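Inside the fold
The lines below spell out each chain.
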Amino acid sequence: MNSETPKLQRRLKNRHIQLIAMGGAIGTGLFLGSAHIIQSAGPSIILGYMIGGLIAFLIMRQLGEMIVHEPVTGSFSYFAFKYWGRFSGFLTGWNYWVLYILVVMTELTAIGKYVNYWWPHIPAWTSVLFFFIVMTLANLANVKLYAESEFWLSMIKVLAIIAMIIFGIYLLMTADVGSTASISNLWAHGGFFPHGFEGLFYMLAFMMFAFGGIELIGMAAAETENPEKNIPKAVNQTVIRIFLFYICSLAILLSLVPWNQLDLGGLDKSPFVLIFKQMGIDWAAHLLNFIILTASVSVCNSGMYANSRMLLGLAEQGNAPQIFKYVTKQGTPVPAVLFSALLIFGCVLLNYFVPEKALSYLIYIVVAAAVLNWMMISLIHLKFRKAMKQQGVKTKFPALFAPYTNYVVLAFMLMILYIMWSQGFMLSVLMLPVWISLLFVIFKLFQKALN
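Residues numbered from 1 in each chain as written. Predicted model: local features only at pLDDT ≥ 70, side-chain atom pairs only at ≥ 80, totals over all residues. Heavy atoms only, no water.

**Section: the pattern of salt bridges**
Side chains that differ in sign of charge can pair as their charged atoms come close. For clarity, the threshold we go by: Any carboxyl oxygen of Asp or Glu within 4 Å of a side-chain nitrogen of Lys or Arg constitutes a salt bridge here. Helix and strand definitions here come from DSSP, where helices need a minimum of 4 consecutive H or I residues and strands a minimum of 2 consecutive E residues; each element is numbered from the N-terminal end. Three labels apply to residues, based on accessible area from a 1.4 Å probe with only protein chains included: buried if under 20% of the type maximum, exposed if over 50%, partly exposed otherwise in between.
This model, assessed by the stated rule, comprises three salt bridges. Between Glu65 and Arg385 there is a salt bridge, with its nearest N and O atoms 4.0 Å apart. Residue Glu65 is located in helix H4 (residues 45-69), and its partner Arg385 is located in helix H18 (residues 358-391); the two are separated by 320 residues in the primary sequence. Judged by its relative accessible area of 28%, Arg385 is partly exposed. For the salt bridge of Lys396 with Glu228, the shortest nitrogen-to-oxygen distance reads 2.8 Å. Of this pair, Lys396 sits in the loop between H18 and helix H19 (404-422) while Glu228 is found in helix H12 (residues 227-236), placing the two residues 168 residues apart along the sequence.

Shown next as structure tokens:
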């Protein structure tokens, strides 16, 4: 293929990039995964999301500096390739691709749980298969159609969370004397740290899962109109989004019903639905279940998009088969979409054979891959800054307090690995060096095949 072949098209407007950024960070981690954290950390989950949100914001500013300087296909994989070396680009790109295969599988599995809330007799795998087909077709269309579908999916959950917060405040303000609803629930039942600080500390790894997807802004950079203006806006508003959607929503919900009176029952229960159900507001619970279902569909939609663009970027680096460079006249990398979808189809099989354990298995694997991804972004940014300094280039959107914040992020990620190790997920941590070694072997074989 020559240089005249079709390319990705800059069709994403500011409203698209803003909602894609929101959509990436609002999904199973907040709506479903928070159930397990509430049981262990109680109201201190609010502080945990503040800490995780700060780290996520620092990572986004580091990524933002690079993508505003050079808005290209492949995002941080491209920067790893350019500023660190060919294997770094290979490792970063393929790890991210596998990560998002797992993320989409996780969200699809969650969708099966949400459908079962209404129709418990429908096998989870049938719901998963239906939504898998719908989202694959959506991603095979042009980027404008993807962006519009993601805009409205994200808009639904954003407006719903805002409405839920307002409704929760109304319930608190109008609560009867004998009602359980009170802001004192945040400290009256065993304190803000009912299981001590350890209860929160050992849940930080699960909380970080919720922030997976914030880097989707980088994947959309090559298709964004006026990236120098629109990308910094999306990055800087990350803090506001995290505060509103994570901190405020959980603070309100945990004020409505004492955390120790919630019948969460494990990973397959959403505290957002259960709180309203326990208050006897069944219509709100049904509406929230619909919103949460929409949130997961949105994350799946974005995940498939990210996978195809990363494959395209890897092919342009020479780190993936050249067939993935093919883009239609409408700007859709069809082979990359189809290959990613083929792997995601494994989720249907997983839900068919082990539906009870599918979600917990996937979450543990995703956290380990996400940690490697975030560490690589910070390390790549250090390499990028060094190159910019040597070239005497002043970037337009510098990261906050770099390189010190890079070291903070890296130290935090090492702490997350320690938490995973100490909490019985040693296999996930041990798999990281094995995974990196495996990718190195594949990289060498791929290079040999090219030569």
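**Here's the deal with the packing of helix H15 (residues 282-317) against helix H16 (residues 334-344)**
Basically, it comes down to this: Axis definition: a line fitted to C-alpha atoms, limited for helices to the stretch in contact. Angles are taken between N-to-C directions and run from 0 to 180 degrees. When describing relative orientation, an angle under 35 degrees is termed roughly parallel and one over 145 degrees roughly antiparallel, while 65 to 115 degrees is termed roughly perpendicular and anything else oblique. Left-handed describes a crossing whose near helix is turned anticlockwise from the far helix by less than a right angle; the clockwise case is right-handed. Working rule for contacts: check all heavy atoms of both residues, and any pair within 4.5 Å makes them a contact. Residues are grouped as follows: Ala, Val, Leu, Ile, Met, Phe, Trp, Tyr, Cys and Pro are nonpolar; Asp, Glu, Lys and Arg are charged; every other residue, Gly included, is polar.
Where H15 contacts H16, the axes come no closer than 8 Å and their chain directions differ by 125°. If you check the angle between H15 and H16, you find them oblique. The two elements H15 and H16 meet at a crossing, and its hand is right-handed. Between H15 and H16, the residues in contact are Met304, Asn307, Ser308 and Leu311 and Ala336, Val337, Phe339, Ser340 and Ile344, respectively. For the contact of H15 with H16, the per-class residue count stands at six nonpolar, three polar and no charged.

**Regarding the confidence of the model for the chain**
The line we're drawing: As a per-residue measure, pLDDT tells how confident the predictor is, with possible values from 0 to 100.
Averaged over all residues, the pLDDT of the chain is 81; the fraction at 70 or higher stands at 84%. Least confident of the elements in the chain is helix H2 (residues 28-31), whose mean pLDDT is 61; most confident is H19, at 93.

**Re the nonpolar core**
The cut-off we apply is this: Here the nonpolar core consists of buried residues drawn from Ala, Val, Leu, Ile, Met, Phe, Trp, Tyr and Cys, with membership extended through side-chain atoms lying within 4.5 Å.
Core analysis: the biggest nonpolar cluster contains 129 residues, and Ile45, Tyr49, Tyr96, Leu108, Ile111, Met413 and Ile416 have the highest contact counts within it. Among the elements that take part in this core, helix H6 (residues 86-118) stands out by supplying 17 residues, more than any other.

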